[in-house]
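The residues making up each chain are set out below.
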Amino acid sequence: MKDDIIEKEKSELVKYIPPKGEYTTFLSDEDYLEKGRSWGLFNKNPKYDFLFKGQDFQMNVKLVGYETYGVTDEYHTIIIEFSDGNLSCIHPAYLKEMQSPSFKKVYTVGESDSKPVEEKKTETKVKETTSKATPKKKAEKKEEITITLPTEKSHFNGTVKEFSTKYNHFNDSEEEIVIWENIIIKADPELQIGNAWCSLSKTLKAAELEVGKTYQFDGKVVDKKLNKEVKYKLNNPSKVSELE
């Protein structure tokens, strides 16, 4: 009886965001295993019990399905079921973070693009300090230019800005990457796309790239953001050579 009361109190603290209409359920144990791995929630052996954590509580949840967005698993929204039967949506990365013992921030369930919510005092302070900058941010957004990327293989010039790593949720490891700047698609007319990133492939390792040097190469460019400053990805760079 006491446990039921505690669970009810916890349930009242959660803002449930139920799935919109029907959602996709797992087809089989193999499907569950494949999806869980792709989301980075477990490695070889499947895990069936997860923790949903709030400011001062945690609750057990299970994965019951997902909603599909985009073209890859990283854009899915997981449907979790609480012990009281309530369903709610959550981004895979948020659920993964909640499994960490050091997780203490509060996330609103289902708001996959929302930021961590701190205590009210902190949130108020953030709003006060950023309110003056809001008009400037809006002006900057209006100035953004939409670039139409070529779909075919192209020839590029670009400068190596830095070497870094990116988390790969498929194999739960850090992937070596190259961040480029001043990327130009050599066409008629030339198209400047600015910063881009790509995996540090065997081909690029063999080219012995150096930070600050400019290279030419063939490849394809796609709209796949690394962060706010690096919006595009270069796929399969080849025929790499340094420009004098």
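In what follows, the structure referred to is the one given above.
Here is what the cut-offs are and how they apply
- Residues numbered from 1 in each chain as written.
- Predicted model: local features only at pLDDT ≥ 70, side-chain atom pairs only at ≥ 80, totals over all residues.
- Heavy atoms only, no water.
- Buried < 20%, exposed > 50% of the residue type's maximum accessible area, 1.4 Å probe, protein only.
- Helix = DSSP H or I, 4+ residues; strand = E, 2+ residues; numbered from the N terminus.
- Arc of directions from axis to C-beta.
- Pairing = 2+ DSSP bridges.
- Axes fitted to C-alpha atoms, helices over the stretch in contact; angles between N-to-C directions.
- Core = buried A, V, L, I, M, F, W, Y, C linked by side-chain atoms within 4.5 Å.

(A) Representation of helix α2 (residues 29-38). Those residues of α2 that fall on the buried side of the exposure criterion are Asp31, Tyr32, Lys35, Gly36 and Ser38. All buried residues of α2 project into a common sector of 160° when viewed along the axis, lining one side. The exposed set on the far side of α2, more than 90 degrees from its buried face, consists of Asp29, Glu30 and Glu34. Positive backbone phi, at 80°, marks Gly40, one or two positions downstream of α2.

(B) Broad picture of the environment of Asp29. Mapped onto the secondary structure, Asp29 falls in helix α2. In sequence terms Asp29 and Pro46 are 17 residues apart; their C-alpha atoms lie 8.9 Å from each other.

(C) Layout of the sheet that holds strand β2 (residues 58-67). Strand order in the open sheet formed by four strands is β1-β2-β3-β4, and the pairing between neighbours is antiparallel. Across the chains shown, the open sheet's two edge strands, defined by having one partner strand only, are β1 (50-53) and β4 (87-90). On average, each strand axis in the sheet is tilted by 50° relative to the strand beside it, whichever way the strands run. Bridge count for β1 against β2 is four bridges, and the pairing is antiparallel. Residue pairing for β2: Lys53 is matched across the bridge by Gln58.

(D) Seen up close, the sheet that holds strand β5 (residues 154-168). Spatially, the five strands close up into a barrel ordered β5-β6-β7-β9-β8, and their pairing is mixed. The mean inter-strand angle of the sheet, taken between neighbouring strand axes irrespective of direction, is 45°. Judged from the six bridges that link them, strand β8 (residues 214-222) and strand β9 (residues 232-242) form a sheet pairing that is antiparallel. Across the sheet, residue Tyr215 finds its bridge partner in β9, namely Glu242.

(E) A look at the nonpolar core. Judged by nonpolar contacts, the single largest core of 22 residues is most densely connected at Leu63 and Leu95. Among the secondary structure elements, those contributing two or more residues to this core are β1, β2, β3 (77-82) and α3 (92-98). By residue number, the principal contributor to this core is β2, which donates four residues. Counting residues in each nonpolar core, the second largest holds 18 residues, with Trp180, Leu200, Leu209 and Phe217 among its members.

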